[in-house]
Amino acid sequence: KKRLLITGGSGFLGSHLTEQLLKQGHKITIVDNCLSSVVPVDFFGNQCEVVVAGIENYASSDCFDQIYHCASIVGPAGVLPFGGTLGLEILLGTKRVIDLSIEMKSKLLFVSTSEVYGRHGTFHEEVPKTVPAAVSVRLEYGVGKLLGELMILNQIRISNLTANIIRPFNIIGPRQSSKGGFVVPCFMKAALINEDITVFGAGQQFRAFTHVSDIVDGLVRCLKLPKK
């Protein structure tokens, strides 16, 4: 069994990832500033260590085999209060997990975002990333994640860093909060209290979703791949 660090382990994706890895018997430390938490600090009881702090300020005497970097403010509404500081927070957190991974010879998994493409549509890895002219907090989030990807990829070239980058699209599942502005929790919340469901635009748009359990399975499988 492995010693794992999960940043953002009290958040939507991070909490499901933590549950899955605890079932496999791994020893886990969660680092989370609790800004986007969906579970309380004591949710996992004594099954793992929980450090309430930003990853950019985290120091540890432990050595981890794998680091899952899930920590981030998320959601089209969730990011709005953090305009002007969100990009820096993403980069400082990314720099810290890179440094820890190099120092400890840990395998790193970086959870990026589909927002790096800067537009809607169907994409593959080779599709050019486009930075729109319009300025928004959502764009700051996407560009911050894209720069985090580039930091990792360039560091792989010059150091012993081993890392995988995942760009999830439209995750959905239990514990996802409507506070982030995610569409299905917002629809469900309105329906349950008998309020009108708000639909933007002409209502002809469509979207594909990925269940959080499938995303978690993919994350875990990625870090099982042998080092190159």
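Above this text is the structure in question.
Right, let's walk through the structure included here. None of the values given here were measured: they were computed from a predicted structure.

Focus on the sheet that holds strand 2 (residues 27-32)
Backbone hydrogen bonds hold the strands of a sheet together, and the pairing may be parallel or antiparallel.
At step 1: Judged by pairing direction, the sheet is parallel, and its 6 strands sit side by side in the order 3-2-1-4-5-6 without closing on themselves. The sheet is open, and its two borders are formed by strand 3 (49-52) and strand 6 (162-166), each paired with just one other strand. Adjacent strand axes in the sheet meet at a mean angle of 15° when their direction is disregarded.
At step 2: Note that strand 4 (residues 66-69) and strand 5 (residues 107-111) share 4 bridges and pair parallel. For Q66, the partnering residue across the bridge sits in strand 5 and is K107.
At step 3: The strands that helix 3 (residues 137-158) touches are strand 5 and strand 6; relative to strand 5, the one it contacts most, it runs at about 160°.

Section: the nonpolar core
At step 1: Counting residues in hydrophobic clusters, the biggest one holds 24 residues, and the most contacted among them are L13, L17, L21, I28, Y68, L109 and L219.
At step 2: Looking at this core, the elements with two or more residues in it are strand 1 (3-7), helix 1 (12-23), strand 2, strand 5 and helix 5 (212-222).
At step 3: Top element by residues in this core is helix 5. It accounts for 6 residues.
At step 4: Among all residues touching L17, those that are not within four sequence positions of it are I6, Y68, C70, V216, L219 and V220.
At step 5: Counting 14 residues, the second-largest nonpolar core is a separate cluster that includes I67, I98, L108 and L161.

Regarding empty space enclosed by the protein
At step 1: Enumeration according to the criterion identifies 1 cavity of 30 Å³ or more in this entry.
At step 2: Forming the boundary of the largest cavity are E115, V116, G118, K129, T130, V131, L139, G142, V143 and L146.
At step 3: When its residues are assigned to classes, the lining of the largest cavity shows 5 nonpolar, 3 polar and 2 charged.

A short note on the environment of R138
At step 1: Turning to its location among the elements, R138 is positioned in helix 3.
At step 2: Sequence separation between R138 and L80 is 58 residues, and the spatial gap between their C-alpha atoms is 7.5 Å.

Observations concerning the side chain of E149
At step 1: Locating E149 in the fold gives a position in helix 3.
At step 2: Under the relative-accessibility criterion, E149 is labelled buried at 2%.
At step 3: When residues no more than four places from it in sequence are discounted, the contact partners of E149 are F110, S112, V116, I165 and R167.

Each value, and the rule that gives it
- Residues numbered from 1 in each chain as written.
- Predicted model: local features only at pLDDT ≥ 70, side-chain atom pairs only at ≥ 80, totals over all residues.
- Heavy atoms only, no water.
- Pairing = 2+ DSSP bridges.
- Helix = DSSP H or I, 4+ residues; strand = E, 2+ residues; numbered from the N terminus.
- Axes fitted to C-alpha atoms, helices over the stretch in contact; angles between N-to-C directions.
- Contact = heavy atoms within 4.5 Å.
- Core = buried A, V, L, I, M, F, W, Y, C linked by side-chain atoms within 4.5 Å.
- Buried < 20%, exposed > 50% of the residue type's maximum accessible area, 1.4 Å probe, protein only.
- 1 Å grid on protein atoms, 1.4 Å probe; cavity = no way out; pocket = protein on both sides within 12 Å on 5 of 7 lines; lining within 4 Å.
- Points joined across faces, edges and corners; volume = space filled by probe spheres on them.
- Nonpolar A, V, L, I, M, F, W, Y, C, P; charged D, E, K, R; others polar.

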